[in-house]
Amino acid sequence: DGLFLMVAEQANQHIVLNQPAGHLEADEGLIQAAIRETLEETGYHFEPTALLGVYVSPRPDSEVVYLRFAFVGQITGHDSQRALDAGIIAARWLSRDAALADPARLRSPMVSRCIEDYLSGQRYPLDLIRAVPAG
């Protein structure tokens, strides 16, 4: 409906906007991680339908480099009573203009790039992601 699922989160003593994001756990795939992190950070049940893109962004004040796999999908439900992850203040549905109104409030430049790529129609099939078992 023209809105983006965003999280307001505490980061480095500031409240910033980000897409639901997180870390891959040892025994899960990327798609499962996207489903889990979206639920943990927003309370929304998410079903990925496409890969939006893969983004690499160095953090300017350290040697850390972020690697983001962004997904497009459908919301299939909401658990309004679910406690959100530590550091997450709230999940918010925002228009492009509201989300990008203040670039200094964004967690990283990847936030705006993902929104613009989505609006441009960029999509890749999920089967582009291949899990290769160890050994």
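None of the values given here were measured: they were computed from a predicted structure.

Trainee: Give me the packing of aromatic side chains: which residues, what numbers.
Mentor: Aromatic ring pairs are defined here through the distance separating the ring centres and the angle between the ring planes. Scanning the entire structure with this criterion turns up 2 aromatic pairs. Their ring planes at 85° and their centres at 5.6 Å tell us that Phe4 and Tyr118 sit as a pair that is edge-to-face. Within this pair, whereas Phe4 is found in strand β1 (residues 4-11), its partner Tyr118 is found in helix α3 (residues 109-119), the two being separated by 114 residues in sequence. Residue Tyr118 is classed as partly exposed on the basis of its relative accessible area of 33%. Aromatic pair Tyr44 and Trp93: ring centres 5.5 Å apart, planes at 85°, arrangement edge-to-face. In this pair, Tyr44 sits in strand β3 (residues 44-58) while Trp93 sits in strand β5 (residues 88-94), placing the two residues 49 residues apart along the sequence. A relative accessible area of 36% means that Trp93 is categorised as partly exposed.

Trainee: Break down unusual backbone geometry for me, citing the residues and quoting the values.
Mentor: Residue Asn12 is not a glycine yet carries a positive backbone phi of 55°. Using a relative accessible area of 56% as the deciding quantity, one classes Asn12 as exposed. In this model, Gln13 sits at a positive phi of 70°, which is unusual for a non-glycine residue. Along the chain, Gln13 turns up in the loop between β1 and β2 (14-18). Using a relative accessible area of 74% as the deciding quantity, one classes Gln13 as exposed.

Trainee: Hey, could you go over the nonpolar core for me, with residue numbers and the actual values?
Mentor: Formed by Phe4, Met6, Ala8, Leu17, Leu94, Ala99, Leu100, Leu106, Val111 and Ile115, the largest nonpolar core amounts to 10 residues. When contributions to this core are tallied by element, the ones reaching two or more residues are β1, α2 (96-100) and α3. Ranked by residues supplied to this core, first place goes to β1 with 3 residues. If we ignore the near neighbours within four places in the chain, the residues touching Ile115 are Phe4, Met6, Gln19, Arg96, Ala99 and Leu100. Residues Ala50, Leu52, Tyr55 and Met110 belong to the second largest nonpolar core, which totals 7 residues.

Rules of the game
- Residues numbered from 1 in each chain as written.
- Predicted model: local features only at pLDDT ≥ 70, side-chain atom pairs only at ≥ 80, totals over all residues.
- Heavy atoms only, no water.
- Phe/Tyr/Trp six-rings, centres within 6.5 Å; stacked < 30°, edge-to-face > 60°.
- Helix = DSSP H or I, 4+ residues; strand = E, 2+ residues; numbered from the N terminus.
- Buried < 20%, exposed > 50% of the residue type's maximum accessible area, 1.4 Å probe, protein only.
- Core = buried A, V, L, I, M, F, W, Y, C linked by side-chain atoms within 4.5 Å.
- Contact = heavy atoms within 4.5 Å.

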